[in-house]
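# Commentary on secondary and tertiary structure
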Amino acid sequence: MKNTEIEKQIDYINKIHNLLNGKNKKFSIYTMGCTLNENDSEKISGMATKMGYSKTENLIDADLIIFNTCCIRENAEEKLFGKLGEVKKLKESGDVVIAICGCMMQQNHIIEKIKKSYRYVDIIFGTHTLHKFPEDLYNLLSQKDKIIDVLDIDGEVYEGLPIKRESSSKALVTIMYGCNNFCTYCIVPYVRGRERNRKPEDILDEITSLAKEGYKEVTLLGQNVNSYKGNGYEGIYNFADLLRAVNKISGIEVINFISPHPKDFTDDVILAIKECKKVSRILHLPLQSGSTNVLKRMNRKYTKEQYINLANKIKSLVPDVVFSTDIIVGFPGETEEDFEDTLDVVKQIGFEQVFMFIYSKRVGTPAEKMEDQIPDKTKHERFNRLKQLVESQMQENNKKYIGTIQNILIESKSKTNDNMLTGRTKTNKVVIIEAPDDLIGKMVNVKIVSEHMWYLKGEIV
Ligand code: 5AD
Ligand code: SF4
């Protein structure tokens, strides 16, 4: 449902369209961080396109540059400052508008730093004011005053923003915003606010339209998707109900979701995955640490044993499922024994994919103040040990694909070889195939003929 706030923003889009009329202006957007940010960037791109800007990948050609930022780890923050240094010259030599948005902009110390050291930034808007980008840009273009538009209170759930998607076969669909979990290392609850759910009818409308446009795959997004709460529309009260409803939408063939929290993985969600054949057979089950002591201090609300039992239960009910996970090494107070517990869980579960992170201190989180911060050298050494284990497991695991037939959605040309196409198995393995371009966007059966650490090679059968 559209509301008056969005209608107001659409008016601003039209006003900018009139201002730019025929001027052939271009925008560029640089997205850091997770898929939720990617989906937000698609909305910003949608708004900019409706204003009359065309998209360019080349910053030098752009009249409007938008940075959509992430603050999950320090290296994400450093990326922004590196990029801002790069565009300074463009600002000095031309009439380009520089806007920054996203999670970093919800932190006061970052805004102060930008105001002081990057004075050439024109617009700052936050995660709760994303929909106000048209108004902010119009005010800048018409008044030339710098704009800072950041709210500390949780934004509402707005529907009806224009969207320009990156892919024409797979779509990102945010189902909820924010997080209530307050894992002690994590900045997300502070910059994205408390959980707010989209209405089931709005989600289903969006996915039905996507299917009509020819999209085959959707990824349901949220910081904690399995705590989704519906309003009862068509009997949808929770995440399991939503999965069942999306599974019924004809035209959609693959359903992914990220990220669930192990504590909310109810039996009902497991049964829905079992029933819904379109749901991807790789489940992301963020472990974070394999040590019960560390998990307690992380406020993760499960023990090592509970995590393993949950994975085993899922596997026994849905035998073709495989797991991916997130792991943080070097959380404050992590002992050698704690770290070995993490290695132990990795060995026991045999993850299909592991996203590994070195703990990064985040301003304002409880873990920032914890004693026994781990020295960098130890963190790196543990990270390398984990990486070695994961890579050796991956190599072993890849072998099981050889000779199998996989039904995959062909997504695009391969980035590294123009003669090849690429897609992913239902377990998210990248497959490279030599095939004609008109198969892009289609589901095909592929026989896997060889394995290479990061991808599999296949042949159409
Ligand atoms: N340091 C390192 N990794 C982190 N993550 C979240 N916060 C931090 C942090 N402070 C990781 C978690 C989460 C993933 C998205 O990022 O593993 O699941
Ligand atoms: Fe961060 Fe934990 Fe929320 Fe995930 S569940 S966003 S790790 S606080």
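Residues numbered from 1 in each chain as written. Chains lettered and ligands numbered in written order. Predicted model: local features only at pLDDT ≥ 70, side-chain atom pairs only at ≥ 80, totals over all residues. Heavy atoms only, no water.

### Focus on the site of ligand 2
Around ligand 2, the surrounding shell consists of Cys179, Asn181, Phe182, Cys183, Tyr185, Cys186, Val188, Pro189, Gln223, His261 and Arg300. By residue class, the composition of the shell around ligand 2 is seven nonpolar, three polar and one charged. (Near = heavy atom within 4 Å. Nonpolar A, V, L, I, M, F, W, Y, C, P; charged D, E, K, R; others polar.)

### Some details on the sheet that holds strand 12 (residues 282–284)
Across the sheet, which stays open at both edges, the three strands sit in the order 12-13-14 with parallel pairing between neighbours. Whereas interior strands pair on both sides, the edge strands pair on one side only; in this sheet they are strand 12 and strand 14 (353–358). Across the sheet, the axes of successive neighbouring strands diverge by a mean angle of 20°, strand direction being ignored. In this fold helix 11 (residues 304–317) packs onto strand 12 and strand 13 (322–329), with an angle of close to 165° to the strand it touches most, strand 13. (Pairing = 2+ DSSP bridges. Helix = DSSP H or I, 4+ residues; strand = E, 2+ residues; numbered from the N terminus. Axes fitted to C-alpha atoms, helices over the stretch in contact; angles between N-to-C directions. Contact = heavy atoms within 4.5 Å.)

### With respect to the nonpolar core
With 71 residues, the main nonpolar core has Leu220 and Phe239 as its most contacted residues. Considering each element in turn, this core owes the most residues, six residues, to helix 8 (residues 239–247). In this view, Leu220 contacts Val173, Ile175, Ile207, Val225, Phe239, Leu243, Ile255, Asn256, Phe257 and Ile258; residues no more than four positions away in its chain are not counted. Formed by 28 residues, the second largest nonpolar core is a distinct cluster that contains Met32, Met105, Tyr120 and Val121. (Core = buried A, V, L, I, M, F, W, Y, C linked by side-chain atoms within 4.5 Å. Buried < 20%, exposed > 50% of the residue type's maximum accessible area, 1.4 Å probe, protein only.)

### Describing helix 11
Under the 1.5 Å per step criterion, the end-to-end length of helix 11 is 20 Å for 14 residues, consistent within 8% with the ideal 20 Å. Those residues of helix 11 that sit buried are Lys304, Tyr307, Ile308, Leu310, Ala311 and Ile314. Within helix 11, the buried residues cover an arc of 160° as seen down the axis, which keeps them to one side. Looking at the buried side of helix 11, the elements it contacts are helix 9 (267–275), strand 12, helix 10 (292–298), strand 13 and helix 12 (336–349). (Expected span 1.5 Å × (residues − 1). Arc of directions from axis to C-beta.)

### Focus: the site of ligand 1
Every residue lining ligand 1 is accounted for by Ile72, Arg73, Tyr185, Gln288, Asp326, Ile328, Phe357, Ile358, Tyr359, Ser360 and Arg362. Arg73 places a side-chain nitrogen or oxygen 2.9 Å from an oxygen atom of ligand 1. One of the side-chain nitrogen or oxygen atoms of Asp326 is found 2.6 Å away from an oxygen atom of ligand 1. Notes on ligand 1: free accessible area 400 Å², of which the protein chains cover 86%. Of all the secondary-structure elements, those providing two or more residues to the shell around ligand 1 are strand 13 and strand 14. Among the residues making up the shell around ligand 1, the classes are represented as six nonpolar, two polar and three charged. (Polar contact = N/O pair within 3.5 Å; in protein donor to acceptor, adjacent residues only side chain to side chain. Areas by Shrake-Rupley, 256 points an atom, 1.4 Å probe, with all protein chains shown as cover.)

### Thoughts on the packing of helix 3 (residues 74–93) against helix 4 (residues 108–117)
Running from amino to carboxyl end, helix 3 crosses helix 4 at an angle of 15°, the nearest separation of the two axes being 13 Å. Taken as axis vectors, helix 3 and helix 4 run roughly parallel relative to one another. Note on packing geometry: the crossing formed by helix 3 with helix 4 is right-handed. Across the interface between the two elements, Glu77, Leu80 and Phe81 of helix 3 pack against Ile110, Lys113 and Ile114 of helix 4. For the contact of helix 3 with helix 4, the class distribution of residues is four nonpolar, no polar and two charged. (Parallel < 35°, antiparallel > 145°, perpendicular 65-115°, else oblique. Left-handed = near helix turned anticlockwise from the far one by under 90°.)

### Brief notes about the domain arrangement of the chain
Assigned domains within the chain: domain 1 (4–149), domain 2 (170–399) and domain 3 (405–460). For domain 1 versus domain 3, the distance between C-alpha centres works out to 35 Å. (Domains from an automatic or database assignment.)

### Describing the packing of aromatic side chains
Tallying each qualifying case throughout the model produces ten aromatic pairs. Arranged with centres 5.6 Å apart and planes meeting at 75°, the rings of Phe331 and Tyr359 form a pair that is edge-to-face. Here Phe331 is found in the loop between strand 13 and helix 12, whereas its partner Tyr359 is found in the loop between strand 14 and helix 13 (376–398), with 28 residues between them in sequence. Here a set of aromatic residues connected by ring pairs shows up, and it is made of Phe81, Tyr118 and Tyr120. (Phe/Tyr/Trp six-rings, centres within 6.5 Å; stacked < 30°, edge-to-face > 60°.)

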